[in-house]
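# Architecture at a glance
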Amino acid sequence: MSKDKPADIPTRQSTGANCAPAFVYTIFIKATVKQVWNGLIDRELTKAYWGHFNQSDWQAGSRWDHVRSDGSGKIDTRGHIIEIDPPRKMVWSWALDSEADDLAKCSRVTYELVALGPDTKLTVTHSELEPESLMDRSVREGWPAVLSNLKSILETGQTLSDDEWPTDDQ
């Protein structure tokens, strides 16, 4: 993977549709920037803390799929790599698999990693969401849990216990 020129991938904003305020979450992780980067793209790590794995060739313009790790092969979310600059920045388009061909449903996720000596500051910005949509609500509840789980696995080798966590049907 090398630094690629940003790909021209249209998302919700390109349609002129209203967008919800961006969701921004910053977390500090006791792991190197390369370890955190790997935690975002490595199949086995994402399966462990996200319950999905991210599949792509990690080049600007390439498709990425967020595939369930239960063996079903079901793609829940997909998009394209808009920009990639390992291990500092990565931008993806993001939509439910069933809505990914509708630009008005395609949001944007930006990962920014800053090395702080042996530690890393990770900021995730999820923008261009459809106001008050299921995706908008899910993002605001989901990212803190996912990123906390990433932090836990990188720092301790274990994920958080999710037995008592709310699910979409609660």
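Everything below is about the structure shown above.
Overview of the structure.

Definitions and limits used
- Throughout, a residue's number is its position along its own chain's written sequence, starting from 1.
- This being a predicted model, a pLDDT of at least 70 is required before a residue's local features are given, and a value of 80 or more before pairs of side-chain atoms are given or counted; all residues contribute to the totals for chains, interfaces and linings.
- The basis for the side-chain values is all heavy atoms of the structure; hydrogens and waters are excluded.
- Numbering of helices and strands starts at the N terminus; helices are DSSP runs of H or I of at least 4 residues and strands are runs of E of at least 2.
- Radius of gyration here is computed from C-alpha atoms only, and the compact-globule reference equals 2.2 Å multiplied by the residue count raised to the power 0.38.
- Buried means the residue's accessible area, taken with a 1.4 Å probe over protein chains only, is under 20% of the maximum for its type, while exposed means over 50%, and partly exposed covers the values in between.
- Using a 1.4 Å probe, the Shrake-Rupley method yields the accessible areas, and only the shown protein chains count as cover for residues.
- By the counting scheme adopted, Arg and Lys are positive, Glu and Asp are negative, and His together with the chain ends is not counted.
- Each charge is placed at NZ for Lys, CZ for Arg, CG for Asp and CD for Glu.
- For this quantity, the arc is that covered by the directions from the helix axis to the C-beta atoms.
- By definition in these notes, contact holds between two residues if any of their heavy atoms fall within 4.5 Å.
- Within 3.5 Å is the distance limit for a polar contact, defined as a pair of N or O atoms, with the added protein rule that one can donate a hydrogen and the other accept it, and that residues adjacent in sequence qualify only through two side-chain atoms.

A separate point is the overall build of the protein. When helices and strands are counted, the protein shows three helices and seven strands. What you see in the protein, going N to C, is helices and strands ordered as β-α-α-β-β-β-β-β-β-α. Against the compact-globule benchmark of 15 Å for 170 residues, the protein has a radius of gyration of 15 Å, which places it among compact chains. Taken along the three principal axes of its C-alpha coordinates, the protein extends 45 × 40 × 30 Å. Looking at the protein as a whole, 42% of its 170 residues are labelled buried. When the accessible surface of the protein is split by element, carbon and sulfur atoms take 48% of a total near 8,900 Å². Computed over 19 positive and 27 negative side-chain charges, the inter-centroid distance for the protein is 6 Å.

Attention now moves to helix α2 (residues 43-50). Buried residues of α2: T46, Y49 and W50, and no others. Buried residues along α2 cover an arc of 80 degrees about the axis, so they all sit on one side. Where α2 is buried, its residues contact α1 (33-41), β2 (52-55), β3 (63-68), β5 (89-96), β6 (107-116) and α3 (134-156). You can read the cap of α2 off the contacts: a side-chain oxygen lies 3.2 Å from the backbone nitrogen of E44, and it is on D42. Two residues or fewer after α2 comes G51, characterised by a positive phi angle close to 75 degrees.

So, about the side chain of T11. Its place among the elements puts T11 in the segment before β1 (23-29). Residue class for T11 comes out buried when judged on its relative accessible area of 1%. At a separation of 3.4 Å, a polar atom in the side chain of T11 contacts the side chain of R108. Those residues within four positions of T11 in sequence are excluded, and the remaining contacts are I82, S93, L103, C106, S107, R108 and E128.

Such coordinate-based values are descriptive only and should not be taken to indicate function.
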